[in-house]
Protein chains: 2
Amino acid sequence: MSRVYNFAAGPAVLPLECLQEAQADLVDFQGSGMSIMEMSHRGKEYDAIHNEARENLKKLMGLGDDYEVLFIQGGASLQFAMIPMNWLGKDQTADYINAGTWGASAVKQAQMIGNVNIAANTQKEIPTRMPSLDEMKWTPGAVYSHITTNETIAGTEMKEIPETGSPLIADMSSDILSCPRDYNRFVMVYAGAQKNLGPAGAAVVAIRKDFAEKGSATPPTMLRYQTHIDKNSLYNTPPCFTIYMICLTTRWLLKQGLETVYANNAAKAKKIYDVIDSTAFYRGTAQKDCRSNMNITFRLPTEELEALFVKQAAENGMKQLKGHRSVGGIRASIYNAFPMAGVDSLVAFMKEFEKRNG
Amino acid sequence: MSRVYNFAAGPAVLPLECLQEAQADLVDFQGSGMSIMEMSHRGKEYDAIHNEARENLKKLMGLGDDYEVLFIQGGASLQFAMIPMNWLGKDQTADYINAGTWGASAVKQAQMIGNVNIAANTQKEIPTRMPSLDEMKWTPGAVYSHITTNETIAGTEMKEIPETGSPLIADMSSDILSCPRDYNRFVMVYAGAQKNLGPAGAAVVAIRKDFAEKGSATPPTMLRYQTHIDKNSLYNTPPCFTIYMICLTTRWLLKQGLETVYANNAAKAKKIYDVIDSTAFYRGTAQKDCRSNMNITFRLPTEELEALFVKQAAENGMKQLKGHRSVGGIRASIYNAFPMAGVDSLVAFMKEFEKRNG
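Here the residue numbering is sequential within each chain, running from 1 through the sequence in written order. Key to labels: chains lettered from A, ligands numbered from 1, both in the order written. Local features in this predicted model are restricted to residues whose pLDDT is 70 or higher, and side-chain atom pairs enter the listing and the counts only when it is 80 or higher, whereas totals over whole chains, interfaces and linings include all residues. As a convention, hydrogens and water are excluded, and side-chain values are obtained from all of the structure's heavy atoms.

Caption draft 1: Broad picture of the overall build of chain A. Secondary structure elements are defined from DSSP: runs of H or I of at least 4 residues count as helices, runs of E of at least 2 residues count as strands, and each element is numbered from the N terminus. Summing up its helical and strand segments, chain A has 10 helices and 14 strands in all. Here the globule rule reads 2.2 Å times residues to the power 0.38, and the radius of gyration is calculated from C-alpha atoms. Here the C-alpha atoms of chain A give a radius of gyration of 21 Å, agreeing with the 21 Å that 2.2 N^0.38 yields for 358 residues. Taking the principal axes of its C-alpha atoms as reference, chain A extends roughly 60 × 55 × 30 Å. For chain A, with 358 residues in total, the buried portion stands at 64%. Counting contacts in chain A only where the partners sit at least 6 residues apart, residues at least 24 apart contribute 65% of the total. Charged residues are defined here as Lys and Arg on the positive side and Asp and Glu on the negative side; His and the ends of the chain fall outside this count. Lysine's charge is taken at NZ, arginine's at CZ, aspartate's at CG and glutamate's at CD. Across chain A, the centroid of the 37 positively charged side chains sits 4 Å from that of the 38 negatively charged ones. When a residue's accessible area, from a 1.4 Å probe over protein chains only, is under 20% of the maximum for its type it is buried; when over 50% it is exposed; and in between it is partly exposed. Any two residues whose heavy atoms approach within 4.5 Å at even a single point are treated as in contact.

Spelled out as structure tokens, the structure:
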């Protein structure tokens, strides 16, 4: 078995020890004679996994009993619709920051449902960046405000969480639990699982119960947060295997502690940004003060060189480095589970590639 | 490793050879150096799996290019809402058969959105049964009609598909691909994957494209069938691992052919029903002409004996035989992947249990 260094933006690399545990138990989960995939979601084995995953997430986020953690199918994309369906009523306004592709997607779904104020818009700016706190214009009395803490495609991350004056919701799909953060500042945080938490198939939603209660009762049952709170995410059959993997991954995170995870993430990112900053051959696409620790985006002098870079990196065991199809260039996604050795390998390759082609 | 006989109603038993293949490839998918869970959903490895799963399903259902097969998160429960959201407009009527818990759930979501005619209602009848074709009252000009071909909790199956006069939609969650059926009679067929197709985490939707086109444009993007048709179920990150398992399971079905699968299913069910019919100790809960080949429901003389039956069966390697919490009794779910040896084991146990306790 020879694992490659996997720079995919999501679905993305998972901790090797979690994959190995899942593999060992795949046909016979801990002596039960069944796969975790084959078990009733209301049986005792799965129940323990489900509740541990939820509790691990609450612990990692530092959330108390005023919050619930939910697993909802449909990824962040369905959350873009559920949020306004639950809270954005007629004659109300919600504030959104649009700082990239994902912020724009959230805005689009909200606009289909109600009145949206764009509190700041840097979506199309190059270099890519997050708006500064100064330029954000919040609506007094907004029903909620929505931010995207990390723009996966732009390679930017919000370094300071704004005071918005209204209940704050954050899409943290690509940087959740990658750094210490005060999760109690948010009425809701959500993330597609497939970057820092597990495989694809669920959005993790941390939600303040009193805010959920204020939701509208009009959406269909499956699209109401209150349904999933009332039923502990077991209103219908949950994506059991995805939640099982989230359980293993959050165990792995708890063993290290978020401070260590963050220190590693910052160190990994710095090594790559240092190479970028040491030469004109590589050009970072994000403004320096907004650089993401998760998705490092950069360009080479020509598209031909970029294609060659991706090809030769893959030949050297470094895969999925191609930038998002909407922007091109190179993207090195280095989520929590991405190993330092893979960063060292990329850094060495970048230096060598420049020498050969610079 | 000692596998038990797993009678769970869903998530349910999967073909052992599919689980073993998934296990072998879990950390390193076919020499790629990555798990299938870690790969971009737009990369070539996953792409091949995704398209094979879709094509396998089309082949098994005998569907041509006028249909598309989709993978949508949220299970059948989200489909209950999406169907009326897409097609049940103001001043229109949809017909529903309510023959059990799942039919009733579909009705409830549709009633939140528009006008519903209950074409027949046997939901609360004991013995449980499907309505006869005679008693179904269809609305001329209904925008669609909806049936549930197998009621998992009631243990009933629709033996003849009605002529409804309007576009026909079927929830086949618990008997899809368990028997030959003319899938071309339906404008849409859907099924939660976790019974006959794979693990939990997706609904498989087979939809006639011209019917999808008639849908309303008002639901949010993720809730419109046309979105998923246009994007080959890749509008957002799909539940890759669930679809991978569906790919393996449908390969396994294709190898056998649906006629063989059905013959096995019928033979498996007959063995258990024969024991039930040979004695007054066991009492089938479904009317004989509606008995399901997938979910076999029966009672014992007392609830104490039922509890003892479930307990002793488990001690003998036959697990998850307890009836649904809403109805009690015993339920033996024997989907496609359930082995004949497990049926023989149950049949022997039933006879012995009666001898000891009858």
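Now that the structure is up, let's keep going.
Caption draft 2: Main features of the interface of chain B and chain A. The interface of chain B with chain A comprises 63 residues on the first partner and 63 residues on the second. A simple way to read buried area is as the amount of 1.4 Å-probe accessible surface that goes missing from two parts once joined, with both sides added. Between chain B and chain A, the buried area comes to about 4,800 Å², and carbon and sulfur atoms account for 60% of it. Of all residues in chain B, the largest losses of buried area upon contact with chain A belong to B:Val27, B:Met37 and B:Glu38, amounting jointly to 15% of the total for that side. What makes a salt bridge here is a side-chain nitrogen of Lys or Arg within 4 Å of a carboxyl oxygen of Asp or Glu, nothing more. At the junction of chain B and chain A, the tally comes to two salt bridges. Across the salt bridge formed by B:Arg3 and A:Glu38, the nearest N and O atoms sit 2.6 Å from each other. Under the rule applied, a polar contact is a pair of N or O atoms within 3.5 Å (in protein, one hydrogen donor and one hydrogen acceptor; residues adjacent in sequence only if both atoms are side-chain atoms). Where chain B packs against chain A, one counts 23 residue pairs in polar contact (both at pLDDT 80 or more). When contributions to the side of chain B that touches chain A are tallied by element, the ones reaching two or more residues are α1 (16-25), α3 (75-87) and α7 (240-256) of chain B. Counting residues per element, the side of chain B that touches chain A draws most heavily on α1(B), at six residues. Polarity classes work like this: nonpolar for Ala, Val, Leu, Ile, Met, Phe, Trp, Tyr, Cys and Pro, charged for Asp, Glu, Lys and Arg, and polar for all others, with Gly in that last group. In terms of residue class, the side of chain B that touches chain A is built from 34 nonpolar, 22 polar and seven charged.

Caption draft 3: How the structure looks around the pairing of strand β8 (residues 168-171) of chain B. All names here are of chain B. Burial along β8 is two-sided: Leu 168 and Ala 170 facing one way and Ile 169 and Asp 171 facing the other are all buried. A strand pair is defined by DSSP finding two or more bridges across the two strands. As judged from the four bridges shared by strand β5 (residues 144-148) and β8, these two strands associate in the parallel manner. Bridge pairing in β8 places His 146 opposite Ile 169. In the sheet, β8 pairs with strand β9 (residues 188-192) via three bridges, with the strands oriented parallel. For Ala 170, the partnering residue across the bridge sits in β9 and is Val 189.

Caption draft 4: Looking closely at the packing of helix α9 (residues 303-315) of chain A against helix α10 (residues 340-357) of chain A. Residues and elements named next belong to chain A. Interaxial distance between α9 and α10 falls to 11 Å at its minimum, and their mutual angle equals 135°. In terms of orientation, α9 lies oblique with respect to α10. The two elements α9 and α10 meet at a crossing, and its hand is right-handed. Across the interface between the two elements, Leu 305, Leu 308, Phe 309, Gln 312 and Ala 313 from α9 touch Leu 346, Phe 349, Met 350, Phe 353, Arg 356 and Asn 357 from α10. Axis definition: a line fit to C-alpha positions, over the contact stretch in the case of helices; interaxial angles, taken between N-to-C directions, run 0 to 180 degrees. By the definition adopted for this analysis, an angle is roughly parallel if under 35 degrees, roughly antiparallel if over 145, roughly perpendicular if from 65 to 115, and oblique otherwise. In this scheme the handedness of a crossing depends on how the near helix is turned from the far one: anticlockwise by less than a right angle means left-handed, clockwise means right-handed.

Caption draft 5: Geometry of the domain arrangement of chain A. All names here are of chain A. Each domain's extent was defined by an automatic or database domain assignment. For chain A, the assigned domains are domain 1 (16-256) and domain 2 (258-357). Computed over C-alpha atoms only, the centres of domain 1 and domain 2 are separated by 27 Å. Buried surface at the junction of domain 1 and domain 2, both sides included, amounts to about 2,100 Å², of which 56% is carbon and sulfur. Where domain 1 meets domain 2, there are zero salt bridges. Inspection of the domain 1/domain 2 interface yields 14 residue pairs in polar contact (both at pLDDT 80 or more). Elements with a minimum of two residues in the side of domain 1 that touches domain 2: β7 (156-157) and α7 (240-256). Here the residues of the side of domain 1 that touches domain 2 are counted per class, giving 11 nonpolar, nine polar and five charged.

Caption draft 6: Expanded view of the confidence of the model for chain A. Looking at chain A, pLDDT values average 96 and 100% of them are 70 or higher. Per the prediction output, this complex has pTM 0.98; the corresponding ipTM is 0.97. Confidence per residue, as judged by the predictor, is encoded in pLDDT with a range of 0 to 100.

Caption draft 7: Examining helix α4 (residues 101-111) of chain A more closely. Buried within α4(A) are the following residues: A:Gly103, A:Ala104, A:Ser105, A:Ala106, A:Val107, A:Gln109 and A:Ala110. The inward-facing, buried residues of α4(A) abut α3 (75-87), β3 (93-98), β4 (115-121), β5 (144-148) and β6 (150-151) of chain A.

Caption draft 8: Representation of the pairing of strand β9 (residues 188-192) of chain A within the structure. Burial analysis of β9(A) places five of its five residues in the buried class, the great majority of the element. A two-sided burial pattern is seen for β9(A), the buried positions comprising A:Met188, A:Tyr190 and A:Gly192 on one face and A:Val189 and A:Ala191 on the other.

Caption draft 9: Looking closely at the environment of A:Met34. Along the chain, A:Met34 falls in the loop between α1 (16-25) and α2 (44-61). Judged by relative accessible area, which is 1%, A:Met34 ranks as buried. When the C-alpha atoms of A:Met34 and A:Leu57 are compared, they prove to be 26 Å apart, with 23 residues separating the residues in sequence. What A:Met34 contacts, discounting residues up to four positions off in sequence, is A:Val27, A:Asp28, A:Phe29, A:Met39, B:Arg3, B:Val4, B:Asn6, B:Lys319 and B:Gln320.

Caption draft 10: Expanded view of the sheet that holds strand β12 (residues 295-299) of chain A. Residue and element names in this part refer to chain A. Ordered in space as β11-β12-β14, the three strands form an open sheet in which the pairing is antiparallel. Either end of the sheet is taken by a strand with one partner, and the two such strands are β11 (283-284) and β14 (330-333). Relative to β12, β11 runs antiparallel, the two sharing two bridges. Paired with Gly 284 across the bridge in β12 is Phe 298. With respect to the sheet, helix α8 (residues 258-277) is in contact with β11 and β12, its orientation differing from that of β12 by roughly 10°.

Caption draft 11: Just the pattern of salt bridges, in detail. All names here are of chain A. The tally for this structure, following the rule as stated, stands at 42 salt bridges over all chains. In this structure, Arg 54 and Glu 55 form a salt bridge, with 3.0 Å as the shortest nitrogen-oxygen distance. You can call Arg 54 buried: its relative accessible area is 14%. For the salt bridge of Arg 181 with Asp 175, the shortest nitrogen-to-oxygen distance reads 2.7 Å. Residue classification places Arg 181 among the buried residues on the basis of a relative accessible area of 16%. The exposure class assigned to Asp 175 is buried, which follows from its relative accessible area of 0%. Among the ionic contacts, a cluster of salt bridges with common partners joins Glu 21, Glu 52 and Arg 251.

Caption draft 12: Local environment of the packing of aromatic side chains. Pairing of aromatic rings covers Phe, Tyr and Trp, the last counted by its six-membered ring, and requires centre-to-centre distances within 6.5 Å; plane angles under 30 degrees mean stacked, over 60 mean edge-to-face, and any other angle means tilted. Considering all chains together, one arrives at 33 aromatic pairs over all chains under this definition. Arranged with centres 6.1 Å apart and planes meeting at 75°, the rings of A:Tyr282 and A:Phe309 form a pair that is edge-to-face. In this pair, A:Tyr282 is assigned in the loop between α8 and β11 and A:Phe309 in helix α9, connecting sequence segments 27 residues apart. Each member of the pair, A:Tyr282 as well as A:Phe309, is classed as buried. Taken together, a centroid distance of 4.5 Å and an interplanar angle of 35° make the contact between B:Trp87 and B:Phe211 tilted. Of this pair, B:Trp87 sits in helix α3 while B:Phe211 sits in helix α5 (residues 209-213); the two residues are 124 residues apart in sequence, bridging distant segments of the chain. Here the aromatic residues A:Phe29, A:Phe241, A:Tyr244, B:Phe29, B:Phe241 and B:Tyr244 are joined through ring pairs into a cluster of three or more.

Caption draft 13: Here's a closer look at the relation of the copies chain B and chain A. For the pair chain B and chain A, the superposition axis carries a translation of 0.0 Å, the fit reaches an RMSD of 0.0 Å, and the rotation angle comes to 180°. Read as a symmetry element, the transformation amounts to a two-fold axis. Most of the interface of chain B is mirrored in chain A, where 100% of its interface residues again form contacts. The copies are overlaid by a least-squares fit using only the C-alpha atoms of residues whose pLDDT is at least 70 in both copies.

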